[in-house]
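# Chains, contacts and geometry: an overview
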Amino acid sequence: MASPAQQLPPGWAAEWDQNAQRYLFIETATGRTQWEPPFPDPEAMIRAPSASPPPAQPHSHTKRRQYAPGQTQAYYGTDTIAPPGPAYGAVPAPAAQQPQLFTPGLAGDGQFAQQQIGAQPGAAPYYGAAQPEPEYINAPGFGQGQVYQPPGVNALADQFSQMNVGQRGLRLFTTNLLSAPPDPLELHRPPPEIVLPPNSCLSNSPFANADSSYQRCTLNAIPTSNSLLQKSKIPLGLVITPYRSLKEGDDPVPLVTDTVIARCRRCRTYINPYVQFIDGGNRWRCCMCSMSNEVPQLFDWDQVRNQPGDRWARAELNHGVVEFVAPTEYMVRPPQPAVYVFLIDVSHNAIQSGMVATATRTILENLDRIPNEDNRTKVAFIAFDTSLHFFSLPAGSTDSSMLVVSDIDDVFLPKPTDLLVNLTESRPAIENLLTRLNDMFQDNHTIGSALGPALQAAFKLMSHIGGKIQVLSASLPSVGAGALKNREDPKVLGTSKESALLQPASPFYKTFAIECSRAQVSVDMFLFSSGYQDVATLACLPHYTAGQTYFYPAFNASRTEDAIKFAHEFGEVLAMPIMLEAVMRVRASKNLRMSAFHGNFFVRSTDLLAMPSVPQDLSYAIEIQIEDNITAPFVVLQTAVLHTTCYGERRIRVITTALPTTNNLSDIFASADQVAIATLLANKAVERSLTHKLEDARDAVFNKMVEILSAYKASMTAAGAGASAQLAISENMKMLPVLLLGLLKNVGIRQSAQIPPDLRAYAQCLLTTLPSQLLIPYIYPNFYSLHNMPPECGTVGEHGVIMPQPLPLTSERLERHGLFLIEDGQTIFLWVGRDAVPQLIMDVFNLPNYEVLRGGKTTLPVLDNPFSQRVNAVIQKTREMRRGVYWPHLYVVKEDGEPPLRLWALSCLIQDRADVLPSYQQFISQLRDKVNGSSY
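Quick caveat, the model's predicted, so the values are computed rather than measured. (Residues numbered from 1 in each chain as written. Predicted model: local features only at pLDDT ≥ 70, side-chain atom pairs only at ≥ 80, totals over all residues. Heavy atoms only, no water.)

Turning next to empty space enclosed by the protein. Within this structure, the stated rule accounts for five cavities of 30 Å³ or more. Looking at the largest cavity, its volume works out to about 70 Å³. Lining the largest cavity, in full, are Leu774, Gly825, Thr878, Arg879, Arg882, Arg883, Gly884, Tyr886 and Pro888. For the lining of the largest cavity, the residue count by class is three nonpolar, three polar and three charged. (1 Å grid on protein atoms, 1.4 Å probe; cavity = no way out; pocket = protein on both sides within 12 Å on 5 of 7 lines; lining within 4 Å. Points joined across faces, edges and corners; volume = space filled by probe spheres on them. Nonpolar A, V, L, I, M, F, W, Y, C, P; charged D, E, K, R; others polar.)

As structure tokens, this is what we get:
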């Protein structure tokens, strides 16, 4: 059978989508994309009598607006509109309506007259909604109920001039949220196309603009004035993941090794594909400030072959993401070696939970994976309970000796040498220590934690170099500097005072973090506590030192799942090739200014972000302000990260994105990137919950959605400021309401009196650090039906394991005899219906029937039957398909099992009503009432 790519009509191309595991079809003339294979002649398709309904899954709807031929003509403004021919699913025309103004895009959907007439016979209700609704978009002939009479030519001309039809740009398609349920596949689409003016780029390279996984803007067309941006109500910001990990099949970042770095003399922008060469190619004009600069002499010289080179083949003129090897003038000191200091809690709780044994075994197994290509990497180990235990690891010896410091009020190093040692030279002593460490403290009954003094000791040990402190702590710091008290108070949860529990309880950690940042020291926190641990305070250290926080509540290594999760994540962190002593700055074209920064770093000057280390796959969000009118046809945003690799080389990573400017509101809406907007709003919501209250954060998210919908209705639809029975939004933003509903229902900011402060604080850490690829499933989980997935799902296809189609996040899709998978990137739930047949239970769990199946954390057996292997393959792919170190736990959830586990799994189905939180349909109704509020 021919592949879809070989069966396409002219003017279409097919591209395989890795995430969705299916082809995405692209109309080459307009850049429009859709999941369904295009029909060669849409009019023939509509006229053809259909003997059977179009193939569709139950309850599903076509993904893309399809215009009837009459409406298509109306859209392009012909004078007469022929009545459409008969089609499957067409509704008889009602009595003639009053003529009404329309907007291309909305009227093209054939929905405006329905504002007056209510539901038509045969229209499908939306999830049992009470009010009359427009019909479903469920047949090629959708919207052919009436024949529209066009308004006068002048009115059309005015409409089209506002819509900017005729010029090349993004087409605006309007969707009615009330009749278009969320489709999870929409989230796998690429962001709106960046349509730059002709000749803005030196190169024809498809890589001249940075890939969206490195840097994406909330708008792919920048408004020329701040007033226009305010009119759209869409927040302008940049989401950056500068050090994205490379998965199999990803292109490596091109490296420029000849140390010829051309930069603008005035604004210090790095040369990129959007500059102009002038004066016979001897000078270049900066794309940000228009300054004329000289081209460096060696720019056209190939130093490897020692002969003249091809300027146009240089990586920095063809790639939006490029890395330069930095010459000595970019160094304050020689590049530092990688340094790892391990602070291991050896108090009674840590030993009993098995944390120490698991941690030491993981370090031992990963010693060869720690970055150490140049044999310069240094390591140190400090164990702590209420005292500090240092370990002397002399080079060349297999013995290690322990030195105990009990004076924790005035910390000192017990020995000037052999505490921070070369990993290669002291390898035998290190291996010996790691083998014995757990046994040395096996009978330790000390309860208490001197974490603050241990941090001070680690800082003293490494502050002259910099590096990473890996903290493994299993109890609340209780003695010495930074001691904390248990402030968990169930009476405060769910009240306006709850946000106080999410703020640091002690100034010690922020002050210490800033000291660390100055000395190029970064801190990672691995927290394992059965009780309250004050994650909110301890997460301060990674927040200001560009580290990360990992949280393992109620960790117990005797459960193999707990041990495997921690060992996998800790091992990946140790093996990660980190950037050291980094500073990051984002430059932008004239009249654009970086106004606010979100993420794990310390802002050293107005726009210089200090990062002692940059872990892979950590995301940052930056808000942008338009200070004055922009006259340029396009703008450039450039992120530069100066850093030392963990292999001792000073480098500069430069990420360049060029975006067109527009004075047209429809272009702004058509270019909005819903994923970037949701990522930016998640960061802003967390910040607001800390500076104000959790309730304020929730209100700000809801109000922002209302503002965007109101702005769209007022400027892009015929309803204008009046009341409307619809809730209109551009097609490319139709998933934004459900993403923001998912954000409002996320543990980080959800309205609830049941969420422990530690879990909430950790969720907020994730919301502000996860890159979009991980953040979107975290707020809008994936939901698959496994018992009836197509036979190819779970088998290996051309692009890896084939995944099932994701379902809408509503329990209406759960079946009592079914097996379902729900996952948010941090946790995987396997939901088993109570009427599941014994054969299904036997094939997946190797148990005779549903009654003997136990719910909870589990490892699925791999059995000798195809279905078991396919289910395991889907779970394995779920764990591996995204970037990042996370290894989600797998929980089996029985339909009539333990209520807390059931409710936790069901809370991922965010389109359902839960507790005081609305269902998606109620949320949309609330939005519509607010949008219409001023007019009712």
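Here we come to the state of the cysteines. Linking two cysteines covalently via their sulfur atoms produces the bond known as a disulfide. Counted under the stated rule, the structure contains zero disulfides. With no disulfide of its own, cysteine 540 lies 9.6 Å from the sulfur of cysteine 765, the closest cysteine sulfur. A relative accessible area of 6% means that cysteine 540 is categorised as buried. According to the relative accessible area criterion, cysteine 765 is buried, its value standing at 17%. (Disulfide = S-S within 2.5 Å. Buried < 20%, exposed > 50% of the residue type's maximum accessible area, 1.4 Å probe, protein only.)

Next up on the list: the packing of aromatic side chains. A full pass over the atoms with the stated rule returns 27 aromatic pairs. On the basis of an interplanar angle of 85° and a centroid distance of 5.0 Å, the ring pair of phenylalanine 508 and tyrosine 509 is categorised as edge-to-face. Like phenylalanine 508, the residue tyrosine 509 is buried in the burial classification. Here a set of aromatic residues connected by ring pairs shows up, and it is made of Phe342, Phe381, Phe526, Phe528, Tyr550, Tyr552, Phe555, Phe566, Phe570 and Tyr886. Here the guanidinium or amino end of arginine 311 rests over the ring plane of phenylalanine 277, the centre of that ring lying 4.4 Å away. The ring of tyrosine 850 has lysine 894 lying over it, and the distance from NZ or CZ to the ring centre is 4.5 Å. (Phe/Tyr/Trp six-rings, centres within 6.5 Å; stacked < 30°, edge-to-face > 60°. Lys NZ or Arg CZ within 6 Å of the ring centre and 35° of its normal.)

This part takes up the confidence of the model for the chain. Mean pLDDT over the chain works out to 82, with 84% of the residues at or above the 70 mark. The low-confidence segment residues 41-167 (pLDDT under 50) makes 210 contacts with residues lying over four places distant or belonging to another chain. (pLDDT = per-residue confidence, 0-100. Contact = heavy atoms within 4.5 Å.)

Bringing the pattern of salt bridges into the picture now. Opposite charge on two side chains permits pairing when their charged atoms draw close. Taken as a whole, this structure holds 35 salt bridges when the rule is applied. The salt bridge partner of glutamate 431 is arginine 427, with a shortest N-O separation of 2.7 Å. Here glutamate 431 pairs with arginine 427, and both are found in helix 8 (residues 427-440), just four residues apart, close to one helical turn. Under the relative-accessibility criterion, arginine 427 is labelled partly exposed at 23%. Its salt-bridge partner being glutamate 823, residue arginine 882 comes within 2.6 Å of it at the nearest N-O pair. With arginine 882 in the loop between helix 21 (866-880) and strand 37 (889-894) and glutamate 823 in strand 34 (residues 819-823), this residue pair connects regions lying 59 residues apart in the sequence. One exposure class covers both arginine 882 and glutamate 823, and it is buried. (Salt bridge = Lys/Arg side-chain N within 4 Å of Asp/Glu carboxyl O. Helix = DSSP H or I, 4+ residues; strand = E, 2+ residues; numbered from the N terminus.)

Turning our attention to unusual backbone geometry. Glycine aside, residues mostly have negative phi, and peptide bonds are mostly found in the trans state. One non-glycine residue, aspartate 418, lies in the positive phi region at around 70°. Counting through the fold element by element, aspartate 418 comes out in the loop between strand 18 (401-405) and strand 19 (421-422). Backbone geometry at alanine 554 places phi at a positive 50°, although glycine is not the residue there. As for its placement among the helices and strands, alanine 554 is situated in the loop between strand 22 (549-551) and helix 13 (560-575).

Where burial is concerned, most of strand 15 (residues 339-345) is hidden: seven out of the seven residues are buried. By the alternation rule, side chains of strand 15 split into Val339, Val341, Leu343 and Asp345 and Tyr340, Phe342 and Ile344, which are all buried. In this sheet, strand 16 (residues 378-384) lies alongside strand 15 in parallel orientation, the contact comprising seven bridges. Of the residues in strand 16, the one forming a bridge with valine 339 is lysine 378. Of the pairings in the sheet, the one linking strand 15 to strand 20 (residues 467-473) comprises five bridges and is parallel in character. Counted as the bridge partner of valine 341 is isoleucine 469 from strand 20. (Pairing = 2+ DSSP bridges.)

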